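Each chain is listed here by its residues.
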Amino acid sequence: MDINEIRDVFGKCEVFQGMDDSLIGLLLLTANPVSFDEGQTIYEKGEAAGGTFALIASGKASAVAQSGFVVNELCTGEIIGEVGTISQQAQRTLTIKALTPTRILQWDIEEVREKSPELIQKLKDLAWKRIKTCSE
């Protein structure tokens, strides 16, 4: 992926919309890119969140409950891992599996907190929205 494709992905993500270009540039520089083959587990329910969350930069993934029920399908431009990262338990709450070859950009929450408290609030808002949706 080139820089313009990555910027387009950031533009699709509601968490990053309206964010200053210099902060987006800084986030791009500090992102840890990780690739997964179809069927690989990105995050496993119950594992330590390790203080990280990610943006799906390309591909599709599914959020799977312990029962095997697919809670949600996720695609390019969506955030994953924010609930476990922000929760007090600091554990993954769902298993995320790659449905297609998938590339994520992953960040450490503490590094992001130092650079953008606003982004942390947006991640918290997204986490609460997802928790509420899953409990309904």
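Here the structure is shown first, and the text comes after it.
Now for a quick tour of the structure. These figures come from a predicted structure and were not determined experimentally.

Comments concerning the nonpolar core
- By size, the foremost hydrophobic cluster in this structure holds 24 residues, and its most contacted members are F10, F16, L27, I79 and W107.
- Elements that contribute at least two residues to this core include exactly helix 1 (3–12), helix 2 (21–30), strand 3 (52–58), strand 8 (102–108), helix 4 (109–115) and helix 5 (117–135).
- Apart from the residues lying within four places of it in its own chain, the contact partners of I79 are C13, V15, F16, F53, A54, L55, L123, L126 and R130.
- Judged by nonpolar contacts, the second largest core, of twelve residues, contains I42, I56, A61 and I104.

With respect to the sheet that holds strand 3
- If you walk across this open sheet you meet the four strands as 1-8-3-6, and the pairing is antiparallel. Every other strand in the sheet has two partners, leaving strand 1 (32–36) and strand 6 (79–80) as the edge strands with one partner each.
- Pairing of strand 3 with strand 6, which is carried by two bridges, proceeds in the antiparallel orientation. Looking at strand 6, one finds that L55 is bridged to I79.
- Packed on one face of the sheet, helix 1 meets strand 3 and strand 8 and runs near 115 degrees to strand 3.

Conventions and cut-offs
- Residues numbered from 1 in each chain as written.
- Predicted model: local features only at pLDDT ≥ 70, side-chain atom pairs only at ≥ 80, totals over all residues.
- Heavy atoms only, no water.
- Core = buried A, V, L, I, M, F, W, Y, C linked by side-chain atoms within 4.5 Å.
- Buried < 20%, exposed > 50% of the residue type's maximum accessible area, 1.4 Å probe, protein only.
- Helix = DSSP H or I, 4+ residues; strand = E, 2+ residues; numbered from the N terminus.
- Contact = heavy atoms within 4.5 Å.
- Pairing = 2+ DSSP bridges.
- Axes fitted to C-alpha atoms, helices over the stretch in contact; angles between N-to-C directions.

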